Amino acid sequence: MLRQRLYNLRKKLRRVLDDYRAFRLMDERPATPGEAAFAQKNAAFWDRQMPYKAEPEGYVLMEVHSVAYFTHYTASITRIAAAVKNAKVLALTVPNRNVYPGNVLRSYAPLEGIQISRWRFARFEWAAARQAKQVYQTLATPDDVLCLEIDGIPVGGLVYDEILREMGYATLSAVDERVLQTLQTFFLYRALAQYILARYPIQYAVFSHMIGCYPGVFARYLLKAGIPVLLCRSAAQPTLRKHEQLDQVWDHPLRPLAVHIDVAEQEARETVVAAGTAYLEQRFGQKIDDRDAGLAFQANKQTFADRDAFAQKHGLDPSRKNVFVMLHAFNDHPHFQGRESILFQDYYHWLLATLQGAKKNPSVNWIFKEHPAARFYQTQDLDFDALFGDTGEHIVFIDYQADFNARSLQFLADVVVTCLGTAGIEYSAVGIPCLLGGESAYSGYGFTVEPDTPAAYAERLRTIDTIAPLTRAQRERALVVLFVHLRMLKNDPFLFLPDPSHYHQKGVFKEININHGTGLDAFWNDAGAWLEGLDPEQAQAEIDGIARFIAHPTLLQYIDEAKFPYMKAVAEALQKEAREPVGSVA
């Protein structure tokens, strides 16, 4: 009995002391059968496909995500980066967000884990609350929030968007408790990022997103410290993109560079135009794995090919031109490309400006189309009934549940209006002019209408019936940009990653609502079976391609050269550009 009491006392003392440590290495809970089986298969896969060549030094910091699918993807890319850099992996786990047993994470690479202890986390929270209050007292308007800089880093858009997304708002109407609460979150992650940077020799980092306070804050502080960050976005829009400077954090992850378009047009213009045409038809026909496209172009919804029939259904004048306004998911991070990326405070204010312009211009039919994924981005301050309750017979609103296939626009629309959505490239590629309210992944290539001020935007709305259809040259350029943007720069799925469609349920990953990485044996079993079924030569070829991309000194965006061999010229062009003296004329 005494021995048992002493043993229990020692366990309690160890637990207390553990809470006062700066970091705990890893959650060492026993693995479930599915986790243990996966870990064994995964370790064997990586030891076989990409062994380390020497004893690793330094660290590659990896975000551990609460969703198992994202963590598996991120950890796989991190393993490749760690082998290229000959470094160990430092797995960042944040309390209440991600729980995985250590043997699962260690099956990817030599690894140390950071799990912030409860005591240290509380200390950071206290400091964050004090710092947040000090900054909060200096803010008077939402624009003050958007202009906020901390440590020389523009973070206002990050904070603003975190409020919209996490709290469910379409706009920020006042500086209130929501701002204070989000500032506390920001300063908490700032403290964690600074603490880790001060104590670990990090060479490289891999994160799944640049938005949101986690991991957006970490990415910004890593880049400010001169540590490159590899974005490895998965699921709906998978891509690999390097960030080597702080200002690159606001680059659209799927924006083609000028060199991409130049090479595509010079090396294989006819091939790319034909491929873009075929891809667009597949996209409209719901034959690709893209969540938003699948929702927009649902085959079971009605496609209108007759303008008179559409006008009659909605009480519109069939003799007028049709302007389709494609709305956004209002709280889906409107400032992810920076505060200056859109002409208005946010997507909601863009809608208000567009609706005001529509009311003043009854010479055309205005059709406002709700975003097809709106049900996943619910907001508590947006009332479409009130907005469109008394707008005149020339304006209609079509919600996301309506029996309407967005493919109809190629037959009905004379002009498409969007802030920065994919509609602007999709319909440009069929010759329909598109008016933008901000900077998009495809703007600046000569086929979109891009006013540079709110006043210029309002003027374009007033004269929208004068915007001419695109020329053949503009349409073909749009097809090239579309194919690079939505096909070459999106790599879905990577060979060693389980097919994402297996984990979709009504457009949402099945495991998202499961408690933070637990109860996922079905996923880990599937992931292990997927690895066992891979062709080793195919897997090696893809791993080698990703490794070459990570090691390349000038490439920023990954393109699978096995699928698009003519794009190998991109690397050559960038290397030539890097060798040229500043100010030289090619």
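Residues numbered from 1 in each chain as written. Predicted model: local features only at pLDDT ≥ 70, side-chain atom pairs only at ≥ 80, totals over all residues. Heavy atoms only, no water.

Draft legend 1. Structural view of the overall build of the protein chain. Helices and strands together make up the secondary structure of the protein chain, namely 21 helices and 16 strands. Relative to its full complement of 586 residues, the protein chain shows a buried share of 56%. Considering only intrachain contacts with a sequence separation of at least 6, the fraction spanning at least 24 residues in the protein chain is 76%. If you sum the accessible surface of the protein chain, you get close to 25300 Å²; carbon and sulfur atoms cover 49% of it. (Helix = DSSP H or I, 4+ residues; strand = E, 2+ residues; numbered from the N terminus. Buried < 20%, exposed > 50% of the residue type's maximum accessible area, 1.4 Å probe, protein only. Contact = heavy atoms within 4.5 Å. Areas by Shrake-Rupley, 256 points an atom, 1.4 Å probe, with all protein chains shown as cover.)

Draft legend 2. The arrangement of the packing of helix α2 (residues 33-49) against helix α19 (residues 521-532) in detail. Relative to each other, α2 and α19 sit at 25°, their axes nearing to 8 Å. Considering the angle they form, α2 stands roughly parallel to α19. You can see that α2 and α19 cross each other, and the crossing is left-handed. Contacts between α2 and α19 involve Pro-33, Gly-34, Glu-35, Phe-38, Lys-41, Asn-42 and Phe-45 from the first element and Asp-521, Trp-524, Asn-525, Ala-527, Gly-528, Leu-531 and Glu-532 from the second. (Axes fitted to C-alpha atoms, helices over the stretch in contact; angles between N-to-C directions. Parallel < 35°, antiparallel > 145°, perpendicular 65-115°, else oblique. Left-handed = near helix turned anticlockwise from the far one by under 90°.)

Draft legend 3. Representation of helix α20 (residues 536-551). Compared with an ideal rise of 1.5 Å per residue, which puts 16 residues at 22 Å, α20 spans 22 Å between its outermost C-alpha atoms and is within 8% of the ideal. Along α20, the residues classified as buried are Ala-539, Glu-542, Ile-543, Gly-545, Ile-546, Ala-547, Phe-549 and Ile-550. N-cap assignment for α20: the residue whose side-chain oxygen lies 2.8 Å from the backbone N of Glu-537 is Asp-535. (Expected span 1.5 Å × (residues − 1). Polar contact = N/O pair within 3.5 Å; in protein donor to acceptor, adjacent residues only side chain to side chain.)

Draft legend 4. Broad picture of the pattern of salt bridges. For the structure on display, the rule yields 14 salt bridges. Salt-bridge contacts for Asp-151 lead to Arg-190; the nearest nitrogen and oxygen are separated by 2.7 Å. Here Asp-151 is found in the loop between β5 (149-150) and β6 (153-154), whereas its partner Arg-190 is found in helix α8 (residues 177-199), with 39 residues between them in sequence. For Asp-151, a relative accessible area of 32% corresponds to the partly exposed category. Within this structure, Glu-265, Arg-269, Arg-472, Glu-476 and Arg-477 form a network of salt bridges that share partners. (Salt bridge = Lys/Arg side-chain N within 4 Å of Asp/Glu carboxyl O.)

Draft legend 5. Molecular detail of the packing of aromatic side chains. This structure, assessed with the given rule, holds 27 aromatic pairs. When the centroid spacing of 4.7 Å and the interplanar angle of 40° are considered together, the rings of Phe-38 and Trp-524 count as tilted. Here the residue Phe-38 occupies a position in helix α2, and Trp-524 occupies one in helix α19, the gap between them amounting to 486 residues. Here Phe-38 and Trp-524 have matching classes, each one buried. Each residue in the set Phe-330, Phe-368, Phe-384, Phe-388 and Phe-397 is aromatic and connected to the rest through ring pairs, giving one cluster. (Phe/Tyr/Trp six-rings, centres within 6.5 Å; stacked < 30°, edge-to-face > 60°.)

Draft legend 6. A look at the layout of surface pockets. Its volume calculated, the second largest pocket comes out at about 420 Å³. At the level of secondary structure, the elements contributing two or more residues to the lining of the second largest pocket comprise α20 and α21 (569-579). By residue number, the principal contributor to the lining of the second largest pocket is α20, which donates 6 residues. Per-class residue counts for the lining of the second largest pocket are 10 nonpolar, 5 polar and 5 charged. (1 Å grid on protein atoms, 1.4 Å probe; cavity = no way out; pocket = protein on both sides within 12 Å on 5 of 7 lines; lining within 4 Å. Points joined across faces, edges and corners; volume = space filled by probe spheres on them. Nonpolar A, V, L, I, M, F, W, Y, C, P; charged D, E, K, R; others polar.)

Draft legend 7. Structural detail: the pairing of strand β10 (residues 322-326). For β10, the buried fraction is high: 5 of the 5 residues fall into the buried class. Covered by surrounding structure in β10 are Asn-322, Phe-324 and Met-326 together with Val-323 and Val-325, the residues of both alternating faces. Bridging between β10 and strand β11 (residues 365-369) involves 5 bridges; their strand directions are parallel. The residue of β11 that forms the bridge with Asn-322 is Asn-365. After leaving β10, the chain enters helix α13 (residues 347-359) and then returns to the sheet as β11, a path that is right-handed. Sheet analysis places β10 next to strand β13 (residues 415-418), joined by 3 bridges and oriented parallel. Of the residues in β13, the one forming a bridge with Phe-324 is Val-416. (Pairing = 2+ DSSP bridges. Right-handed = clockwise from strand over helix to strand, strands pointing away.)

Draft legend 8. Highlighting empty space enclosed by the protein. Counted by the stated rule, this structure contains 2 cavities of 30 Å³ or more. Here the largest cavity defines a volume of roughly 50 Å³. Examining the composition of the lining of the largest cavity, we find that 3 residues originate from one element, helix α7 (residues 156-167), more than from any other. Its residues assigned to classes, the lining of the largest cavity shows 4 nonpolar, 4 polar and 2 charged.

Draft legend 9. Structural view of the sheet that holds β13. The strand order β12-β11-β10-β13-β14 describes an open sheet built from 5 strands, whose pairing is parallel. On the outer flanks of this sheet lie β12 (395-398) and β14 (434-436), each paired with one strand and no other. Taken over all neighbouring pairs, the strand axes of this sheet differ in orientation by 20° on average, direction set aside. Strand direction decides the pairing type here: β11 and β12, joined by 4 bridges, are parallel.

Draft legend 10. How the structure looks around the side chain of Thr-71. As for its position among the elements, Thr-71 is in helix α3 (residues 68-85). The contact partners of Thr-71, leaving out residues within four places of it in the chain, are Val-64, His-65, Tyr-100 and Leu-105.

Draft legend 11. Fine view of the pairing of strand β8 (residues 229-233). When you tally the buried positions in β8, you get 5 out of 5 residues, the bulk of the element. As paired strands, strand β7 (residues 202-207) and β8 are joined by 3 bridges and run parallel to one another. Each residue of the ladder has a partner; that of Val-206, found in β8, is Leu-230. Considered for its hand, the β-α-β crossover made up of β7, helix α9 (residues 213-224) and β8 is right-handed. Pairing of β8 with strand β9 (residues 239-243), which is carried by 5 bridges, proceeds in the antiparallel orientation. From the neighbouring strand, Leu-231 faces β9, where its bridge partner is Arg-241.

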